[in-house]
Amino acid sequence: MKPAQWEALRYLASANRFSATPGALTQFLGSTKGTVSQTVISLEKRGLVAKTAGDDKRSVRLTLTDAGVEMLMDDGLSKIYSGVGAIDPAIRTAITAALSRLVSALLKSSGSRPFGVCQSCKHFARHHAEASPYFCRFFKQPLAAEDAQKICVEQAPL
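Residues numbered from 1 in each chain as written. Predicted model: local features only at pLDDT ≥ 70, side-chain atom pairs only at ≥ 80, totals over all residues. Heavy atoms only, no water.

S.K.: Explain unusual backbone geometry to me, please; I cannot follow it from the model alone.
M.R.: The residue Lys140 is not glycine, and still its phi comes out positive at about 55°. Relative to the helices and strands, Lys140 is located in the loop between strand E5 (134-136) and strand E6 (141-143). (Helix = DSSP H or I, 4+ residues; strand = E, 2+ residues; numbered from the N terminus.)

Structure follows, in structure tokens:
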């Protein structure tokens, strides 16, 4: 598979339900709509991704198929993730902080915006009157615990 296809699979595996769209994938990859469209078509043909109608019938939601989830189990980056997990926690924290600053600077210099985990967003609410256990004030929707731990295209840091 091509690197963009791997990145698309990784993104879809970690995106919440509001962010599993072609538009959000385009933003995340920093690519063009045409390129992402071709990437999604290729993944669909391989049976790794499926398109479904979104909430408003005009939008499209992308989901990993069982074959897509299985493909990610063979992701070459998994060895790197395991290696990082084995690093001393204090060193890992320092590396994470340095890489976060680097990525933030690169995103800022290119005019891009960061994606982040839902529960670290200013729109995230715990024990909201309208939903339990979580609620997104941006989308005005209840959040499942699974969504709260995933990345969101509309994430706004605290």
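Continuing now.
S.K.: Any chance you could explain the pattern of salt bridges here in plain terms?
M.R.: Where charged atoms of side chains with opposite charge meet at close range, the side chains can pair. A complete count under the given rule lists 5 salt bridges for this structure. Across the pair Arg10 and Glu7 runs a salt bridge whose closest N-O atoms are separated by 2.5 Å. Note that Arg10 and Glu7 are positioned in helix H1 (residues 3-14) at a spacing of 3 residues, about one turn of the helix. Looking at Arg10, the relative accessible area reads 17%, which means it is buried. One salt bridge in this structure joins Asp75 and Arg10, with 2.6 Å as the shortest N-O distance. One end of the pair, Asp75, is in the loop between helix H4 (66-73) and helix H5 (78-85); the other, Arg10, is in helix H1, and 65 residues separate them in sequence. Considered together, Asp75 and Arg10 belong to a single accessibility category, that of buried residues. Residues joined by salt bridges that share partners form a network here, namely Glu7, Arg10 and Asp75. (Salt bridge = Lys/Arg side-chain N within 4 Å of Asp/Glu carboxyl O. Buried < 20%, exposed > 50% of the residue type's maximum accessible area, 1.4 Å probe, protein only.)

S.K.: Quick question: what am I supposed to make of the packing of aromatic side chains here?
M.R.: Counted under the stated rule, the structure contains 6 aromatic pairs. Here Tyr11 and Phe28 contribute two aromatic rings whose centre-to-centre distance is 4.6 Å and whose plane-to-plane angle is 35°, an arrangement assigned as tilted. Here Tyr11, found in helix H1, pairs with Phe28, found in helix H2 (residues 22-29); they are 17 residues apart in sequence, far enough to count as distant. A relative accessible area of 1% places Tyr11 in the buried class. Summarising the aromatic geometry, the rings of Phe18 and Phe139 are spaced 4.1 Å apart at their centres and angled 10° between planes, so their arrangement reads as stacked. With Phe18 in the loop between H1 and H2 and Phe139 in the loop between E5 and E6, this residue pair connects regions lying 121 residues apart in the sequence. Ring-pair connections join several aromatic residues into one group, and the members of that group are Tyr11, Phe28 and Phe115. (Phe/Tyr/Trp six-rings, centres within 6.5 Å; stacked < 30°, edge-to-face > 60°.)

S.K.: Is there a simple way to explain the side chain of Arg61 in this structure?
M.R.: If you trace the backbone, Arg61 turns up in strand E2 (residues 60-64). Looking at Arg61, its side chain comes within polar contact range of the main-chain oxygen of Arg17, at 3.2 Å. Ignoring anything within four residues of it in the chain, the contact list for Arg61 reads Arg17, Ala20, Ala50, Lys51, Thr52, Gly54 and Asp55. (Polar contact = N/O pair within 3.5 Å; in protein donor to acceptor, adjacent residues only side chain to side chain. Contact = heavy atoms within 4.5 Å.)

S.K.: Can you help me understand the pairing of E2 in this one?
M.R.: For a regular strand, the rule is simple: side chains alternate between the two faces of the sheet. Note that strand E1 (residues 49-53) and E2 share 5 bridges and pair antiparallel. Bridging across to E2, Thr52 finds its partner in Arg61. Turn length for the E1-E2 hairpin, with the two strands adjacent in sequence and antiparallel, is 6 residues, and the turn residue Lys57 shows positive phi of about 70°. (Pairing = 2+ DSSP bridges.)

S.K.: Help me understand empty space enclosed by the protein in this model?
M.R.: Left-over empty space is what a probe sized like a water molecule reveals as it rolls over the atoms. Under the counting rule described, the total for this entry stands at 1 cavity of 30 Å³ or more. Roughly 40 Å³ of internal volume is contained in the largest cavity. Taken together, Cys118, Cys121, His123, Phe124, Cys136, Phe138, Cys152, Glu154 and Gln155 make up the lining of the largest cavity. Class assignment for the residues of the lining of the largest cavity results in 6 nonpolar, 2 polar and 1 charged. (1 Å grid on protein atoms, 1.4 Å probe; cavity = no way out; pocket = protein on both sides within 12 Å on 5 of 7 lines; lining within 4 Å. Points joined across faces, edges and corners; volume = space filled by probe spheres on them. Nonpolar A, V, L, I, M, F, W, Y, C, P; charged D, E, K, R; others polar.)

S.K.: Explain the layout of surface pockets here, please?
M.R.: The computed volume of the largest pocket comes to approximately 540 Å³. Elements that contribute at least two residues to the lining of the largest pocket include exactly H1, H2 and helix H6 (89-110). For the lining of the largest pocket, the element with the highest residue contribution is H6, accounting for 5 residues. By volume, the second largest pocket amounts to about 190 Å³. Lining the second largest pocket are 13 residues, and of these Leu12, Ala15, Ala20, Thr63 and Lys150 sit closest to its centre. For the lining of the second largest pocket, the leading source of residues is E2, giving 4 residues. Counted by class, the lining of the second largest pocket contains 6 nonpolar, 2 polar and 5 charged residues.

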